[in-house]
There are 2 protein chains.
Amino acid sequence: MTRMTSPQFCLICGDSADSLHFGALSCRACAAFFRRKVAGRRNIFRRCDRQCKVDTGMRKLCASCRYDKCLKVGMRESAVLSRLAQKNQNYKKPSGSPEECEPSTSTSGSILENLQNAYQKLEEARRKAFNITHDSVPQSSNYKRMNEVFYEDIKLVVENLVSTLQCPDISKEQQKLLHVHFLVPFILLEGGYKSTNSELFYLPSGDYIDETRIAEYYQNPDDLNDKSGEAAAEVFRPYWKLNRQTLKMHLDDVQLDLPELLFVTALVFYDYGLQDQTDDCIEMCKRMRSQILEELTDYEKNVRINDDHSYRVGQIIMVLQAIQRTVNMVHETREISLVYNLYERHSSIFETIKD
Amino acid sequence: MTRMTSPQFCLICGDSADSLHFGALSCRACAAFFRRKVAGRRNIFRRCDRQCKVDTGMRKLCASCRYDKCLKVGMRESAVLSRLAQKNQNYKKPSGSPEECEPSTSTSGSILENLQNAYQKLEEARRKAFNITHDSVPQSSNYKRMNEVFYEDIKLVVENLVSTLQCPDISKEQQKLLHVHFLVPFILLEGGYKSTNSELFYLPSGDYIDETRIAEYYQNPDDLNDKSGEAAAEVFRPYWKLNRQTLKMHLDDVQLDLPELLFVTALVFYDYGLQDQTDDCIEMCKRMRSQILEELTDYEKNVRINDDHSYRVGQIIMVLQAIQRTVNMVHETREISLVYNLYERHSSIFETIKD
DNA sequence: TATTATAGGTCAAAGGTCCA
DNA sequence: CTGGACCTTTGACCTATAAT
């Protein structure tokens, strides 16, 4: 704005001025000095009595006086972008070099890392609960056993996995909504994952159901008193057919690895478009999904050697559609309410965990 | 048309707005920013978690969030360089880097190209059928009119769009299965797409329904003889609430452009996991989906300037889940069978086309 | 033909990175 | 840590063009 023909001088050191920098006419050197000091945010050790003369020759001598003069002639700390960046917690360090490829899995506090830890704990708890040792051989199982397993397993999933999925600033009711909606798709998803490439269906206990011989196992209730057994069997009866048609086919196709399974798990959890979901909860889920997708793409780019990570991400996200279809088919059978009954029996767990 | 005397503000940064730019009210700076980013076709390095607030002070801080916001408030990439493109059909985008990839849209025989042609024909047919001229102004419409529009439109969709979607080596019954399953999600998807960023719901005829005043329009049947009118109104009644909850929210978020809409459309068509779908048909759909996903990733890499195309692809594929949920909710109302009745009336069209 | 709205082009100013 | 070379982005200002 002040474009004068006369030569101008740096208001700090008197050197020939470059242009306006951070709100004051200055040379590039003083501008760079000011930027570094602001960005560095370190205290400037004062070694003088504030009387230093700052000029071209002396400007190196006293940083504190030079900085004072910068402020005095009108430079504003807020004009340094990297200063703003620090106020903005979301700002990442820009990667100058193109070959920069820090795998973001190592980022502490990442969603994946949390989930990996939680899942490890879950598997550990399962080993204990179901007496799985490293040399135990998977056994053919039946529906009664399956019911017992899931009855026990839902407890473990809630304790170890669900409880670690953060829901910042969300009411307990809404959290519970997410929890309730999470369990069925998770059971479907994880079951399909563990049974990838197999004709058998693997339970969380490590045992399996041979789907080709389902009929004989199903007519084998030797304990008629156990109502919950029948209930769960009812719930999971339609599962086989539906699952094979939709979800299992997808999962066998996509061949998820464990981190990918966990990303999909998290996406399933932070679902939105649910009935009775509040706007706040939807916003939170959007934010979380955005973060998860970001981490997933980082994972595909940097950790897996896949060249075409976009394609891979697309394939993985398509699993969500398959899950959605399967869940909806299960819902249509109306027997899903029984699962919620199972959930209700454990709901005290939520109450104690979410204090 | 909306020339208000009150001062207007840039929808991106809140600065005082200049005028419409590339489809959105914005200041000159944001307009220039958007133009440069699109025209430059260089990747925007994302250094944040997508949560940056873009305002006058911060707008310089995060280019990727600023760009996202441009898209979100309605700026269209296609509006940049549109003049040049019109003047010179052979206009090539400036290639910043020598190894600039050839945009795959030009690939002859691609799925996208076929769909773009088909969709253009469909829109052309709609203009003729619904008497849309370049100077016709959208009218508020009602349910009776909506029914007429969809009754007519399904015919046009089948003739112009569905008929061009190839199903190699598939029996007519299976093709019909795909066609029938396609119509509802397509109507939902395209309606949501055309109504992006609007509170109104736009019909294929160009007219709109004002959802806030739905009740008064719904109780307005002046022709009780027209059974199909009532039928379709019944079908689409639950649509409004469900759609707003799930699909519309996604679509407003993702801001698909036309090619992306068409990719999603194709993915919806080549669905698998459908009841009564044969293995052959499933195999075909898998192949087609794979090809579509490939083309979509190419498109995101080469045509759109998005830095992390993986993230974009993931976002887009998530729309499939939202569609799936909405379709299933519509199915649950059981009124969907009426749509199939509408379909049946036109089924002769299939018979003549697929010889 | 003049006007208006919105597109594209240009360039100095400003910020950032890198290295000796 | 410093200074300065060098690069990229920004936004004010200007011109171009299509529709009216």
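Remember, it's a predicted structure, so these values are computed and weren't measured experimentally.

## With respect to the overall build of chain A
Turning to step 1, where the next piece is worked out: The helix and strand tally for chain A stands at 14 helices and 4 strands.
Turning to step 2, where the next piece is worked out: Looking at chain A residue by residue over its 355 residues, the buried ones come to 50%.
Turning to step 3, where the next piece is worked out: Of the roughly 17900 Å² of accessible surface on chain A, 49% is carried by carbon and sulfur atoms.

## Comments concerning the pattern of salt bridges
Turning to step 1, where the next piece is worked out: Taken as a whole and judged by the stated rule, the model has 29 salt bridges over all chains.
Turning to step 2, where the next piece is worked out: D271(B) is the salt-bridge partner of R325(A), the closest N and O atoms lying 2.6 Å from each other. Of this pair, R325(A) sits in helix α13 (residues 309–332) while D271(B) sits in the loop between α11 (258–269) and α12 (279–302), placing the two residues on different chains. Residue R325(A) shares its accessibility class with D271(B), and that shared class is buried.
Turning to step 3, where the next piece is worked out: For R28(B), the salt bridge identified is with D18(B), shortest N-O distance 3.4 Å. One end of the pair, R28(B), is in helix α1 (residues 28–40); the other, D18(B), is in the segment before β1 (19–21), with 10 residues separating them in the sequence.

## A few points about the confidence of the model for chain A
All names here are of chain A.
Turning to step 1, where the next piece is worked out: Taken as a whole, chain A shows an average pLDDT of 75; of its residues, 67% reach a score of 70 or greater.
Turning to step 2, where the next piece is worked out: Ranking the helices and strands of chain A by mean pLDDT puts helix α11 (residues 258–269) first, with 97, and helix α14 (residues 336–353) last, with 48.
Turning to step 3, where the next piece is worked out: Scored below 50 in pLDDT, residues 1–5 makes 1 contact in the model with residues more than four places away or belonging to other chains.
Turning to step 4, where the next piece is worked out: The low-confidence segment residues 345–355 (pLDDT under 50) makes 24 contacts with residues lying over four places distant or belonging to another chain.

## Notes on the interface of chain A and chain B
Turning to step 1, where the next piece is worked out: Contact residues are listed per partner, giving 45 residues for chain A and 47 residues for chain B.
Turning to step 2, where the next piece is worked out: Taken together, the two surfaces of chain A and chain B that pack against each other cover about 4700 Å², and 54% of this comes from carbon and sulfur.
Turning to step 3, where the next piece is worked out: At the boundary of chain A with chain B, the tally comes to 5 salt bridges.
Turning to step 4, where the next piece is worked out: At the surface where chain A touches chain B, the tally comes to 16 residue pairs in polar contact (both at pLDDT 80 or more).

## Focus: the side chain of R289(A)
Turning to step 1, where the next piece is worked out: Note that R289(A) resides in helix α12 (residues 279–302).
Turning to step 2, where the next piece is worked out: For R289(A), a relative accessible area of 3% gives the class buried.
Turning to step 3, where the next piece is worked out: Polar contacts involving the side chain of R289(A) include one to the side chain of Q321(B), which spans 3.1 Å.
Turning to step 4, where the next piece is worked out: If sequence neighbours within four positions are ignored, R289(A) has contacts with L267(A), Y270(A), D271(A), Y272(A), L320(A), H250(B), M318(B) and Q321(B).

## A look at the packing of α1(B) against helix α2 (residues 63–72) of chain B
Residues and elements named next belong to chain B.
Turning to step 1, where the next piece is worked out: Relative orientation of the contacting elements α1 and α2 amounts to 100°, with a least axis distance of 10 Å. Taken as axis vectors, α1 and α2 run roughly perpendicular relative to one another. The residues of α2 that touch α1, namely those facing A29, C30, F33, F34, K37 and V38, are A63, R66, Y67, C70 and L71.
Turning to step 2, where the next piece is worked out: Looking at the contact of α1 with α2 residue by residue, the class counts come to 9 nonpolar, no polar and 2 charged.

## Here's the deal with the packing of aromatic side chains
Each aromatic ring pair is described using two quantities: the centre-to-centre distance and the angle formed by the ring planes.
Residue and element names in this part refer to chain A.
Turning to step 1, where the next piece is worked out: Per the stated rule, a full pass over the model turns up 14 aromatic pairs over all chains.
Turning to step 2, where the next piece is worked out: Summarising the aromatic geometry, the rings of F263 and Y299 are spaced 5.9 Å apart at their centres and angled 55° between planes, so their arrangement reads as tilted. Of this pair, F263 sits in helix α11 while Y299 is found in helix α12, placing the two residues 36 residues apart along the sequence.
Turning to step 3, where the next piece is worked out: The exposure class of Y299 is buried, given its relative accessible area of 6%.
Turning to step 4, where the next piece is worked out: Each residue in the set F182, F186, F269 and Y270 is aromatic and connected to the rest through ring pairs, giving one cluster.

## Concerning unusual backbone geometry
Turning to step 1, where the next piece is worked out: Despite not being glycine, N131(A) shows a phi value in the positive range, around 55°.
Turning to step 2, where the next piece is worked out: By the secondary structure assignment, N131(A) is in the loop between α4 (111–129) and α5 (143–160).
Turning to step 3, where the next piece is worked out: The exposed category is assigned to N131(A), whose relative accessible area is 64%.
Turning to step 4, where the next piece is worked out: In this structure, Q255(B) is a non-glycine residue whose phi angle is positive, near 55°.

## Structural notes on the state of the cysteines
Turning to step 1, where the next piece is worked out: Summed over all chains, the structure comprises 0 disulfides over all chains.
Turning to step 2, where the next piece is worked out: For C27(A), which is in no disulfide, the shortest distance to another cysteine sulfur is to C30(A) and amounts to 3.6 Å.
Turning to step 3, where the next piece is worked out: The thiol sulfur of C70(B) is not disulfide-bonded, and the nearest other cysteine sulfur, from C30(B), lies at 5.7 Å.
Turning to step 4, where the next piece is worked out: On the basis of relative accessibility, which here comes to 0%, the residue C70(B) falls in the buried class.

## A look at helix α2 (residues 63–72) of chain A
Turning to step 1, where the next piece is worked out: Among the residues making up α2(A), those that are buried are S64(A), C65(A), R66(A), Y67(A) and C70(A).
Turning to step 2, where the next piece is worked out: G74(A) lies just past α2(A) and shows a positive phi near 115°.

## Brief notes about the environment of K194(A)
Turning to step 1, where the next piece is worked out: Mapped onto the fold, K194(A) is located in helix α6 (residues 172–194).
Turning to step 2, where the next piece is worked out: Once residues lying within four places of it in the same chain are set aside, the contact partners of K194(A) are Y119(A), E123(A), R126(A), Y202(A) and P204(A).

## Considerations on the environment of K301(B)
Turning to step 1, where the next piece is worked out: Along the polypeptide, K301(B) turns up in helix α12.
Turning to step 2, where the next piece is worked out: For K301(B), a relative accessible area of 32% translates into the label partly exposed.
Turning to step 3, where the next piece is worked out: Linking K301(B) and N43(B), residues 258 residues apart in sequence, is a C-alpha distance of 9.6 Å.
Turning to step 4, where the next piece is worked out: Contact partners of K301(B), with chain neighbours within four places excluded, come to D308(A), S310(A) and H309(B).

## Concerning the environment of L178(A)
Turning to step 1, where the next piece is worked out: As for its placement among the helices and strands, L178(A) is situated in helix α6.
Turning to step 2, where the next piece is worked out: The residues touching L178(A), leaving out its near neighbours within four places in the chain, are C167(A), F269(A), D271(A), L274(A), Q277(A), C281(A), M284(A) and C285(A).

Scoring rules and cut-offs
Residues numbered from 1 in each chain as written. Chains lettered and ligands numbered in written order. Predicted model: local features only at pLDDT ≥ 70, side-chain atom pairs only at ≥ 80, totals over all residues. Heavy atoms only, no water. Helix = DSSP H or I, 4+ residues; strand = E, 2+ residues; numbered from the N terminus. Buried < 20%, exposed > 50% of the residue type's maximum accessible area, 1.4 Å probe, protein only. Areas by Shrake-Rupley, 256 points an atom, 1.4 Å probe, with all protein chains shown as cover. Salt bridge = Lys/Arg side-chain N within 4 Å of Asp/Glu carboxyl O. pLDDT = per-residue confidence, 0-100. Contact = heavy atoms within 4.5 Å. Buried area = accessible area lost by both parts, 1.4 Å probe. Polar contact = N/O pair within 3.5 Å; in protein donor to acceptor, adjacent residues only side chain to side chain. Axes fitted to C-alpha atoms, helices over the stretch in contact; angles between N-to-C directions. Parallel < 35°, antiparallel > 145°, perpendicular 65-115°, else oblique. Nonpolar A, V, L, I, M, F, W, Y, C, P; charged D, E, K, R; others polar. Phe/Tyr/Trp six-rings, centres within 6.5 Å; stacked < 30°, edge-to-face > 60°. Disulfide = S-S within 2.5 Å.

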